[in-house]
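# Structural overview for review
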Amino acid sequence: MVEQGLIRAAQEGDRDALITLLREIEQHVYRTAYYILNNEQDAHDAAQEALIRIYTKIDSYEEKAQFKTWVQRIVTNICIDKFRRNKPTVSIEEHEMVFQGNDSVEREVMSGYLAEDIRTAIEQLPEHHRSVVVLRYLQDFSYNEIADSLNLPLNTVKSYLFRARQQLQHLLRDYQKGGVSG
């Protein structure tokens, strides 16, 4: 994700290195916040808060943990706090579908419905299940990285993922039967 030399320079007070570091992780931080909160404005707020916290706490980062895990823990904790403070709201967004040359229109439409249904199903998960799903399947974290990020035992992470997959399977059963719930 980010080279260690840049992190060390930022920790030693190199302002340019710190700004470069924050720019390199900005998209990753926002994407995580968006997947957890599923609201663009809340995600921007959470990402900004996370970047500020990283900016002010960079000297507390210790190399015994991976930098991306440390960043992920900060972002996830901020999102969970924000989620607890504000009851989740469903935002209705207009999505522009882009049809590409060789793919059939039907397949594109079905993919759009599937993506929306998956997002809706993830929103319905309890926050602790949603967090592990986002980290595992959308951010491609290993089980150990998730455990470190969320400060959970490894077996708890595995259990949460197992239960979350079961819940998602139940919520998405219309697709397994070949139907569309949109």
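Scroll up to find the structure.
Residues numbered from 1 in each chain as written. Predicted model: local features only at pLDDT ≥ 70, side-chain atom pairs only at ≥ 80, totals over all residues. Heavy atoms only, no water.

## Describing the overall build of the protein
The criterion, for reference: Numbering of helices and strands runs from the N terminus, with a helix taken as a DSSP run of H or I at least four residues long and a strand as a DSSP run of E at least two residues long. Relative accessibility decides the category of a residue: with a 1.4 Å probe and only protein chains considered, values under 20% of the type maximum give buried, values over 50% give exposed, and everything between is partly exposed. Only heavy atoms enter the contact rule, under which two residues are in contact if any of them lie within 4.5 Å.
Within the protein one finds nine helices and zero strands. Scanning the protein from its N terminus toward the C terminus, one meets helices and strands in the order α-α-α-α-α-α-α-α-α. Classification of the 182 residues of the protein by burial places 37% in the buried group. Taking all contacts inside the protein whose residues are at least 6 apart in sequence as the whole, residues at least 24 apart take part in 62%.

## As for the packing of helix α7 (residues 143-150) against helix α8 (residues 154-171)
How we decide: Here an axis means a line fitted to C-alpha atoms, over the contact stretch when the element is a helix, while the angle between two N-to-C directions is reported on a 0 to 180 degree scale. Any angle between 65 and 115 degrees counts as roughly perpendicular, while under 35 counts as roughly parallel, over 145 as roughly antiparallel, and the rest as oblique. By the convention adopted, Pro, Cys, Tyr, Trp, Phe, Met, Ile, Leu, Val and Ala count as nonpolar, Lys, Arg, Asp and Glu as charged, and the other residues, Gly among them, as polar.
Contact geometry of α7 with α8 gives a least axis separation of 9 Å together with a crossing angle of 105°. Judged by the angle between their axes, α7 and α8 are roughly perpendicular. Facing Y143, N144, I146 and A147 of α7, the residues of α8 in contact are L154, V157, K158, L161 and R165. Residues belonging to the contact of α7 with α8 are distributed by class as follows: six nonpolar, one polar and two charged.

## So, helix α3 (residues 40-57)
Since there are 3.6 residues in each turn of an α-helix, residues three or four apart along the chain are aligned in direction. For the record, the criterion: Working rule for helices: expected span equals 1.5 Å times residues minus one. Summarising the geometry, the arc corresponds to the directions from the helix axis toward the C-beta atoms. Under this definition, polar contacts are N or O atom pairs within 3.5 Å; protein pairs additionally need one hydrogen-donor-capable and one acceptor-capable atom, and for neighbouring residues in sequence, both atoms have to be side-chain atoms.
When the terminal C-alpha atoms of α3 are compared, their 25 Å separation across 18 residues agrees well with the 26 Å that a helix rising 1.5 Å per residue should span. Those residues of α3 not exposed but buried are A43, A46, A47, A50, L51 and I54. Viewed along the axis of α3, the buried residues span an arc of 135°, placing them on a single side of the element. Looking at where α3 begins, the residue whose side-chain oxygen comes 3.0 Å from the main-chain nitrogen of Q41 is N39.

## Focus: the packing of aromatic side chains
Rules: Only the six-membered ring of Trp is used, alongside the rings of Phe and Tyr, when aromatic pairs are assigned; centres must lie within 6.5 Å, and planes under 30 degrees apart are stacked while those over 60 apart are edge-to-face, with the rest tilted. Over a ring means this: the NZ of a Lys or the CZ of an Arg is within 6 Å of the ring centre and within 35 degrees of the ring normal.
Within this structure, the stated rule accounts for five aromatic pairs. Here Y61 and W70 contribute two aromatic rings whose centre-to-centre distance is 5.4 Å and whose plane-to-plane angle is 55°, an arrangement assigned as tilted. The burial state of Y61 is the same as that of W70; both residues are buried. Ring centres 5.8 Å apart and planes at 35° place the aromatic pair F67 and W70 in the tilted group. Residue F67 and its partner W70 are located together in helix α4 (residues 67-85), separated by three residues, close to a single helical turn. With a relative accessible area of 4%, F67 lands in the buried category. Members of the aromatic cluster, each reached through a chain of ring pairs, are Y30, Y34 and Y35. Lying over the aromatic face of F141, K68 brings its terminal NZ or CZ to 4.9 Å of the ring centre. In this arrangement the basic side chain of R136 is found over the ring face of Y143, its NZ or CZ atom lying 4.9 Å from the centre.

## Side note on the nonpolar core
Across soluble globular proteins, nonpolar side chains have a tendency to be buried as a group. The condition is simple: In plain words, nonpolar cores are sets of buried Ala, Val, Leu, Ile, Met, Phe, Trp, Tyr and Cys residues tied together by side-chain atoms within 4.5 Å.
Ranked by size, the top nonpolar core spans 32 residues in total, and within it L21, I25, V29, F67, W70 and V71 carry the most contacts. Elements with a contribution of two residues or more to this core: α1 (4-11), α2 (15-37), α3 and α4. When residues of this core are assigned to their parent elements, the largest contribution, eleven residues, is made by α2. Core analysis: the next-biggest nonpolar cluster, separate from the first, contains 16 residues, I122, L125, F141 and L161 among them.

## Focus: α2
Rules: The bend at a residue is defined as the angle formed between two axes, one fitted to the seven residues ending at that residue and one fitted to the seven starting there.
Counted at 1.5 Å a residue, the expected span for α2 with its 23 residues is 33 Å, and the 31 Å between its end C-alpha atoms agrees. Along α2, the sharpest kink reaches roughly 40°, centred on I25. Regarding α2, its N-cap is D14, as a side-chain oxygen of that residue lies 3.1 Å from the backbone nitrogen of D16 further along. N38 occupies a position one or two residues after α2 and carries a positive phi of about 55°.

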